[in-house]
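# Working through the structure, step by step
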Amino acid sequence: MKEMIKLGLTLAIYAVISCTVLAVVNNFTAPKIAQNQVEKVNQAMAAFFPGDGYTFDSVSDYDAASVGTIKIESMIIAKKDGKAVGGAAQVNGPTYDQATILVGMKADGTITGLQFLKNTDSPGFGLKANDPTFTLSNGKTFYGQFEGKNAKDGFKLGETFDAISGATITSNGVANLLSEGTGSLLKYLEKQGATNE
């Protein structure tokens, strides 16, 4: 009985020490991770809307996603000369596992770019979605093929975009994230009377 109590106390002490170490490490790394995410978003916005004269405003009064566990985490509106001309939606949801994307779009629905902020899908298949060295048979990266497409045409596998071979679930998952993000962004831009430059 004494040995069991001793073992239980020993395990409890190890658990407390481990939790304390994890909490300390998290306190040091969390701000850096958050800062890296902000920098990624800023770089993506500059790539989605290149050139001078743009301002970017975060908004919160957009429509939420309507499908399952997909969540629109944030929305940024691009303005030129004080008028909304496009924007970007940060969307999180299920792919094969989980992904967070940032999709940029002009007011008319033309996609200006897609960037992965997070992708936890399986190595070798799902992770090809955000791999800059992996190209589809059309010569483009998976995420690069969406640039220039119009969100109003929808995202239909085999019709409006190509899937990653062996990663159909990831491909369809990204299409769902795109649909929700661009749909909400289009509604918001229409309410603002946004126009293309």
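Anything mentioned here points back to the structure above.
Anyway, here's the lowdown on the structure attached to this text. (Residues numbered from 1 in each chain as written. Predicted model: local features only at pLDDT ≥ 70, side-chain atom pairs only at ≥ 80, totals over all residues. Heavy atoms only, no water.)

The next point concerns helix α2 (residues 168-191). For α2, spanning 24 residues, the distance from its first C-alpha to its last is 35 Å, which sits close to the expected 34 Å at 1.5 Å a residue. G193 sits one or two residues past α2 and shows a positive phi near 70 degrees. (Helix = DSSP H or I, 4+ residues; strand = E, 2+ residues; numbered from the N terminus. Expected span 1.5 Å × (residues − 1).)

A few words now on the packing of aromatic side chains. Going through the model one piece at a time under the given rule, you end up with 7 aromatic pairs. Each ring, one from F142 and one from F146, has its centre 5.5 Å from the other, and the planes form 85 degrees; the classification is edge-to-face. Assessed through its relative accessible area of 0%, F146 is described here as buried. Residues F146 and F155 carry aromatic rings whose centres are separated by 6.1 Å and whose planes lie at 65 degrees to one another, so their mutual orientation is edge-to-face. We note that F146, like F155, is buried. Through pairs of rings, three or more aromatic residues link up here, namely F142, F146, F155 and F161. Positioned above the aromatic ring of Y54, the side-chain terminus of K80 is 4.7 Å from the ring centre. (Phe/Tyr/Trp six-rings, centres within 6.5 Å; stacked < 30°, edge-to-face > 60°. Buried < 20%, exposed > 50% of the residue type's maximum accessible area, 1.4 Å probe, protein only. Lys NZ or Arg CZ within 6 Å of the ring centre and 35° of its normal.)

On to the nonpolar core, then. Residues M75, I77, F142, F155 and L178 are the most contacted members of the largest nonpolar core, which totals 36 residues. When contributions to this core are tallied by element, the ones reaching two or more residues are β2 (71-80), β3 (83-94), β4 (98-106), β5 (111-119) and α2. With 8 residues, α2 is the largest single contributor of residues to this core. Filtering out sequence-adjacent residues up to four positions away, L178 remains in contact with I101, V103, L114, F146, F155 and G183. One finds M45, Y54, A78 and V85 within the second-largest nonpolar core, a separate group that totals 12 residues. (Core = buried A, V, L, I, M, F, W, Y, C linked by side-chain atoms within 4.5 Å. Contact = heavy atoms within 4.5 Å.)

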